[in-house]
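# Survey of secondary and tertiary structure
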Amino acid sequence: MVEALSVLVLTGTGLVAGVLFAVAVSVMPALIAMTPERYVSTHILLGKRYDRIMPFIVTGSTAVDVGLAIRASEGPRVLFAAAAVCMAGVAVVSQTRNVPINRRVKRTRPEDLGPGWRDPRPAWRDWHLVRTGLAIAGCALTAAAVVLS
């Protein structure tokens, strides 16, 4: 059972870290280079499926890290617990920072952009980098805990 949960949590944390990293190094620079109108149109198209599945993967990975922390010996316990804190941080940053920006952009019509439009891309990028760092740390901590278990 522990082995199956270890594979599951490594897969989950790895997926989250990988997706967020890919967005940081490829998608976000492209979005920043776009005109505001094209950015809004593209942003509306992006993330439709991520919005449904990523919270489940992040929450599930956090829960499995917590469960493994409870069952693990002292060294791995600390690592699993720290990984769970990092993954919970991904969820908090996502839900309180990035998701509200996503919702605001998705309510924006490209033709309504004017000179007073506040570009959300810098804030979104900054918060995305925070959650990406947390996800990478969570994945690395989980991997170290699994190896030591």
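Under an unreviewed UniProt entry, the chain has the name Membrane protein and belongs to Streptomyces collinus.

On a plain count of helices and strands, the chain comes out with five helices and zero strands. Dimensions along the principal axes, computed over C-alpha positions, put the chain at roughly 60 × 20 × 20 Å. Residues classed as buried in the chain amount to 38% of the 149 residues present. Long-range pairs, those at least 24 residues apart, make up 82% of the contacts in the chain between residues at least 6 apart in sequence. Summed over its atoms, the accessible surface of the chain is roughly 8,400 Å², and 67% of this surface lies on carbon and sulfur atoms. Across the chain, 16 positive and 9 negative side-chain charges occur, with their mean positions spaced 4 Å apart.

What follows concerns the UniProt feature "transmembrane region" (unreviewed entry) in the chain. Under the local residue numbering, the UniProt record ascribes the feature "transmembrane region" (unreviewed entry) to residues 6-32, 53-72, 78-99 and 128-148. Annotation note: span residues 6-32, helix share 100%, strand share 0%, distance between end C-alpha atoms 37 Å. Between the C-alpha atoms that bound residues 78-99 there is a distance of 30 Å. The span itself is 100% helix and 0% strand.

With that out of the way, let us pick up a positive patch on the surface. Side chains of Arg 103, Arg 104, Arg 107 and Arg 118 sit close together on the surface and give a patch of like positive charge. Among the structural elements, Arg 104 can be located in helix α4 (residues 74-106). Arg 104 sits in the partly exposed class, given a relative accessible area of 42%.

Moving on: the environment of Val 40. Residue placement: Val 40 occurs in helix α2 (residues 36-45). Between the alpha carbons of Val 40 and Arg 107 there is a distance of 9.4 Å; along the sequence they are 67 residues apart. Discounting residues that sit within four places of it in the chain, Val 40 has contacts with Val 105, Thr 108, Pro 110, Leu 113 and Trp 117.

Before going further, it helps to examine the pattern of salt bridges. Applying the stated criterion across every chain yields a total of four salt bridges. For Arg 109, the salt bridge goes to Asp 112, with nearest N and O atoms at 2.9 Å. Salt bridges linked by common partners bring Arg 109, Glu 111 and Asp 112 together as one network.

Reading guide: rules and limits
Residues numbered from 1 in each chain as written. Predicted model: local features only at pLDDT ≥ 70, side-chain atom pairs only at ≥ 80, totals over all residues. Heavy atoms only, no water. Helix = DSSP H or I, 4+ residues; strand = E, 2+ residues; numbered from the N terminus. Buried < 20%, exposed > 50% of the residue type's maximum accessible area, 1.4 Å probe, protein only. Contact = heavy atoms within 4.5 Å. Areas by Shrake-Rupley, 256 points an atom, 1.4 Å probe, with all protein chains shown as cover. Lys, Arg positive; Asp, Glu negative; His and termini not counted. Charge placed at Lys NZ, Arg CZ, Asp CG, Glu CD. UniProt positions renumbered as here; feature names shortened; annotations may be inferred. Patch = residues over 30% accessible without salt bridge, like charges linked within 9 Å, V, L, I, M, F, W, Y side chains within 5 Å. Salt bridge = Lys/Arg side-chain N within 4 Å of Asp/Glu carboxyl O.

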